[in-house]
Amino acid sequence: MPAAFDEMRGSGGDLRPAYLQLARWLGELPPGFLPQRMREAELLFRRIGITFAVYGEADASERLIPFDVVPRILAASEWATLTRGLEQRVKALNAYVKDVYGKREVLRAGIVPEDLVFQNPVFRPEMNAQRVPHDIYVFIAGVDVVRVDADSFYVLEDNVRTPSGVSYMLENREVMMRLFPDLFARHRVAPVENYPDELLATLKSAAPATAAADPTVVLLTPGIYNSAYYEHSFLADKLGVELVEGRDLLVKGEIVYMRTTEGLKRVDVIYRRIDDDFLDPLAFRPDSALGVPGLMSAYVAGNVTLANAVGTGVADDKAVYSYMPEIVRFYLGEEPILKNVPTWRCREPGHLAYVLAHLSELVVKEVHGSGGYGMLIGPRADKATLAAFRARLERDPKGFIAQPTLALSTVPTCVEEGIAPRHVDLRPFVLTGRDRVRIVPGGLTRVALKKDSLVVNSSQGGGTKDTWVLDA
Amino acid sequence: MLARTADNLYWVSRYVERAEYLARILEATQRLSALPIAYGGTTNEWDSAVATAGCAGAFFAAHKEANEESVTEFLAFSPDNPSSIRSCFEVARSNARAMRTALTIEMWEAINETWLELRRFQPSSMSREEIARFLRWVQECSLRFDGSAYRTMLRNDAYWFSRLGVYLERADNTARILDVKYHMLLPAHEHVGGPLDYFQWAAILRSVSALTAYHWVYRESVKPWLVADLLILNDQMPRSLASCYENIVRNLDSIARAYGRQGPAQRQARAVRTRLQNSRMDGIFQSGLHEFIGGFIADNNRLGAAIAEQYLV
Amino acid sequence: MRIRIRHDTTYHYDVPVGGVIQMLRLTPRNHDGQFVVDWRIDVSEDCRLDAQEDAFGNIAHVFTADGPFVALTVLVEGEVETQDTGGLIRGAVERFPPSLYLRETALTAPDAAIAGFAADARAAAGADPLATLHEMLARLHRDVVFDTDPTHAATTAAEAFALGRGVCQDLTHIFVAAARALGIPARYVGGYFHRSDGVVAQDAGHAWAEAHVPALGWVAFDPANGICATEAHVRVAVGLDYLGAAPVRGARDGGGAESLAVRLLVDQAARQVQS
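So, here is what we can say about the structure in this document. (Residues numbered from 1 in each chain as written. Chains lettered and ligands numbered in written order. Predicted model: local features only at pLDDT ≥ 70, side-chain atom pairs only at ≥ 80, totals over all residues. Heavy atoms only, no water.)

**Comments concerning the overall build of chain A**
Here's step 1: Counting its secondary structure elements, chain A contains 14 helices and 21 strands.
Here's step 2: A compact globule built from 472 residues would reach a C-alpha radius of gyration of about 23 Å, and chain A, at 23 Å, matches this within 12%.
Here's step 3: Dimensions of chain A, computed from C-alpha atoms along their principal axes, come out at roughly 65 × 55 × 45 Å.
Here's step 4: Expressed as a percentage of its 472 residues, the buried residues of chain A come to 61%.
Here's step 5: The contacts in chain A between residues at least 6 apart in sequence include a share of 69% that link residues at least 24 apart.
Here's step 6: Carbon and sulfur atoms provide 51% of the accessible area of chain A, an area that totals close to 18,200 Å².
Here's step 7: Of the side chains in chain A, 55 bear a positive and 61 a negative charge, and the two mean positions are spaced by 1 Å. (Helix = DSSP H or I, 4+ residues; strand = E, 2+ residues; numbered from the N terminus. Rg over C-alpha atoms; globule rule 2.2 N^0.38 Å. Buried < 20%, exposed > 50% of the residue type's maximum accessible area, 1.4 Å probe, protein only. Contact = heavy atoms within 4.5 Å. Areas by Shrake-Rupley, 256 points an atom, 1.4 Å probe, with all protein chains shown as cover. Lys, Arg positive; Asp, Glu negative; His and termini not counted. Charge placed at Lys NZ, Arg CZ, Asp CG, Glu CD.)

**As for the sheet that holds strand β5 (residues 242-244) of chain A**
Residues and elements named next belong to chain A.
Here's step 1: Here we have 4 strands laid out as an open sheet, ordered β5-β4-β9-β10, and parallel in their pairing. Of all strands in the sheet, those bounded by a partner on one side alone are β5 and β10 (305-307). With strand direction ignored, the average angle separating the axes of adjacent strands in the sheet is 30°.
Here's step 2: In this sheet, β5 lies alongside strand β4 (residues 217-220) in parallel orientation, the contact comprising 3 bridges. Within the sheet, the bridge partner assigned to Val218 lies in β5 and is Glu242. (Pairing = 2+ DSSP bridges. Axes fitted to C-alpha atoms, helices over the stretch in contact; angles between N-to-C directions.)

**Some details on the interface of chain A and chain C**
Here's step 1: Facing 28 residues of chain A, the contacting portion of chain C comprises 24 residues.
Here's step 2: Buried area between chain A and chain C, summed over both chains or domains, comes out near 2,000 Å², and the portion from carbon and sulfur atoms is 53%.
Here's step 3: The interface formed by chain A and chain C contains 2 salt bridges.
Here's step 4: Run the count over chain A and chain C and you get 16 residue pairs in polar contact (both at pLDDT 80 or more).
Here's step 5: Secondary structure elements with two or more residues in the side of chain A that touches chain C: α5 (114-118), β6 (249-252) and α10 (295-300) of chain A.
Here's step 6: Sort the elements by how many residues they give to the side of chain A that touches chain C and α5(A) lands first, with 3 residues. (Buried area = accessible area lost by both parts, 1.4 Å probe. Salt bridge = Lys/Arg side-chain N within 4 Å of Asp/Glu carboxyl O. Polar contact = N/O pair within 3.5 Å; in protein donor to acceptor, adjacent residues only side chain to side chain.)

**So, the nonpolar core**
Residue and element names in this part refer to chain B.
Here's step 1: Ranked by internal contacts, the top residues of the largest apolar core, which has 106 residues, are Ile85, Phe134 and Ile232.
Here's step 2: It is helix α8 (residues 157-185) that contributes the most residues to this core, 14 residues altogether.
Here's step 3: No fewer than three residues from each of domain 1 (1-153) and domain 2 (154-313) sit in this core.
Here's step 4: With residues up to four places along the chain from it excluded, the contact list for Phe134 reads Ala76, Phe77, Ile85, Leu118, Phe121 and Met126. (Core = buried A, V, L, I, M, F, W, Y, C linked by side-chain atoms within 4.5 Å. Domains from an automatic or database assignment.)

**What to know about the packing of helix α1 (residues 3-33) of chain B against helix α7 (residues 128-152) of chain B**
Residues and elements named next belong to chain B.
Here's step 1: Packing of α1 against α7 leaves a shortest axis separation of 9 Å and a crossing angle of 150°. Taken together, the axes of α1 and α7 are roughly antiparallel relative to one another. Here α1 and α7 pass one another in a crossing that is left-handed. Facing α1, whose interface residues are Val12, Ser13, Val16, Ala19, Glu20, Ala23, Arg24, Leu26, Glu27 and Gln30, α7 presents Arg128, Ile131, Ala132, Leu135, Arg136, Val138, Gln139, Ser142 and Phe145.
Here's step 2: Looking at the contact of α1 with α7 residue by residue, the class counts come to 10 nonpolar, 4 polar and 5 charged. (Parallel < 35°, antiparallel > 145°, perpendicular 65-115°, else oblique. Left-handed = near helix turned anticlockwise from the far one by under 90°. Nonpolar A, V, L, I, M, F, W, Y, C, P; charged D, E, K, R; others polar.)

The following block contains the structure:
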């Protein structure tokens, strides 16, 4: 594996400009200062943690996602490139979803094979030929981006169903500002705190034509047992909208209402954090108690906006991912700004043969997996693991894709032995409204805290960092 | 606001209030049962504790005998009793979580920390002293939650619904004590029972935290009909039925004003309050204290149903 | 054949129900083999019936009825003129290419037993898909016992196949699962069946399958009767499985326990006029 690009030191070891102030500041710190701040940060989070206690009823505090106090810094020019790339990517994703449920031109042109759409479990036949308000499907996207050198950003995954993590982006910044006012004074860090405002504007812009002038927005949660419940209640609070469960809503005459103390009140836009399968027991899983009976009928009648739309998963599974560069070219007639990791689709016999022959060099992922589970990192796997994975691949080649092992960039991180480089990724949040695309400067940086680890998922020893975008 | 949110606010308050009441009953009973027999400690106070808690049916389905151990376990810790202190706090906390955004941070912390702390109490190994400490802790938790609500909530419908929960529950609790102990409060009783009943009366006052208040209001020794007067008609006394209804009416009025609409809940609450205002203790004694209390409990339940029907579903 | 259908479903609730929402797929559409002469839906409570075309081209109606009430009746009634097309379904509303109907659903996921059944049928019939489908039709009709007892609306194809028993819904699920296991697109059809033995009153609607054969297009197979669809079949709705073509999917607010009474009359229209 090639040496990783360090975002502070670059490849050659010279400080990169965005990190000059941070490096100087780190050099001035008295010994023990950062570890002490780490403890304070943990206390602050624990305090919030006590208030959310979302993970594990048994011991809330243990399940806090570790937070690293050293910020990850992006220069204005880097961010500008990223922004353009993200906007382009999400535009293409939207066009793709619209097309797949509409004219199917992408299939006719032979860009994406038909079975990848029609036999994809997350394709929703129910959405076929239905118009959604303003033709927007992906209102909120969380695009996972990694970098391997000074100039190249790769998209690792497009999350266009119900991406989460934005509450960490906001809370991380709050905690950092409380702990390091001096460090903020030395930088000009673009703010992220307006994200809820931008989200609300996005959601309101997408209200159906039949809605009142000031549309009613709600956030639909599966309830307190969902692992992201804290984020749901946090966002509802910041947005100033009702946090509803399925039982708070009902459908009458193709209109959605919520039950309030003043009677029924019409709902125009639903920011839903429930998976498609559970949205409406009359349309999807009949045993779902989380959804709203008849919601789909109101939706296809055009009387309510769901954000994100139903069936967007057809655009973000890992098999479709490999077609993204062509999808971008097909709909936008542009070259993709963000790169795609070269991907072998094990569904194709030629690709499968290559993957099986090079298993120990590749990362193999489940097409429908997430969270870093069910993944093989070839260079790190022992013989038995490789053999077991080979068997799985041969049994179900369609279920897997493979990619080269990327040397994710590293960022200075406060660990036991001091400040040391650790691998990171980045999830910026892209909001698409009727009027425009909004991206707050920053995102959620996830960091693999274990030395040399490439797995940044919080379920597997990953932590988070505040992400700074410097104002030019 | 969402009907479910209002419902949660209302029930969180009710459950916290109920937990406090249970703690007071247990405390008063513990005191009473510790009295030497010569001072009236003979009757089974634990039976009556179960009755005042309103769960005699459930208790005797699970236990043969009401004694200190079984009743304390059942009313304070039993996970099988949906109205035990533990269950009350657990339900209150899960209701609170489901409407996190409607609570102030202080209220949430009060209820969440109560719930976290609750796990540290191991009922099986608790001495009598530890139980006494536990019961005081329960009352402090309730005070903290109530105080947080009072000091930090916006004065809007969320606040009014949470207050309604407090006062409806409180009225029910006070009425329940009166229902079980009414025979101790009849005017004729003084001649029957004699001064030894002081301890019974004091226990009643204690379970509604009114022993000191009594002396300030009446400035004389404890007399049963005055105890009844204090708990039913005296609107200075925060746990009296009259005071509870004054607050219920005020909060329902606030809701009606804010929503520009009133309904059966407002009308029913006003009717009960008017009846309390127009009553005198001797009149109540004449027409039957027990009947009066029974009628009140039914009215109070009806009002609860009317509020639910009008706002909470 | 001119077929007259009268189908009423009455729900009784133990305690008054607060409200009901239902999605009905109870309206047939025309294709080359059937023409809907007359059709109506009536709901006993005041409500608006909103018509939508669903994903598979079925006509769906959604209604919401506000309680309280203790009984609700949904009545459908009409006449359909049918022709025997030898089981070929042409001129029907098609919203997807056949390959969509290769999707697996929870109710039609094939287990090893069903996959084995399908493979055996193919081996016996040679590689020809039409012959294979006929072979499966005959075997299912012969081997799976019609029995209304052991299965219910949520029984999967694999469960019913293991039991060796079931109703037309179960037989159809097994057929569909087996066809898809062989890479033959297949779908579930809900509708009505006119009995040739003169029995007019029936307990429930009927279900059968359609499979896509390259040279012919969609062909209808009725495993419960062991035949291809004839002029006795009135095709109402199609889907990937029962859930997608279900005549009624509903939810209600309160109402306690619910009991259901179905009255279904399927008769020749001409005969009724004569009597």
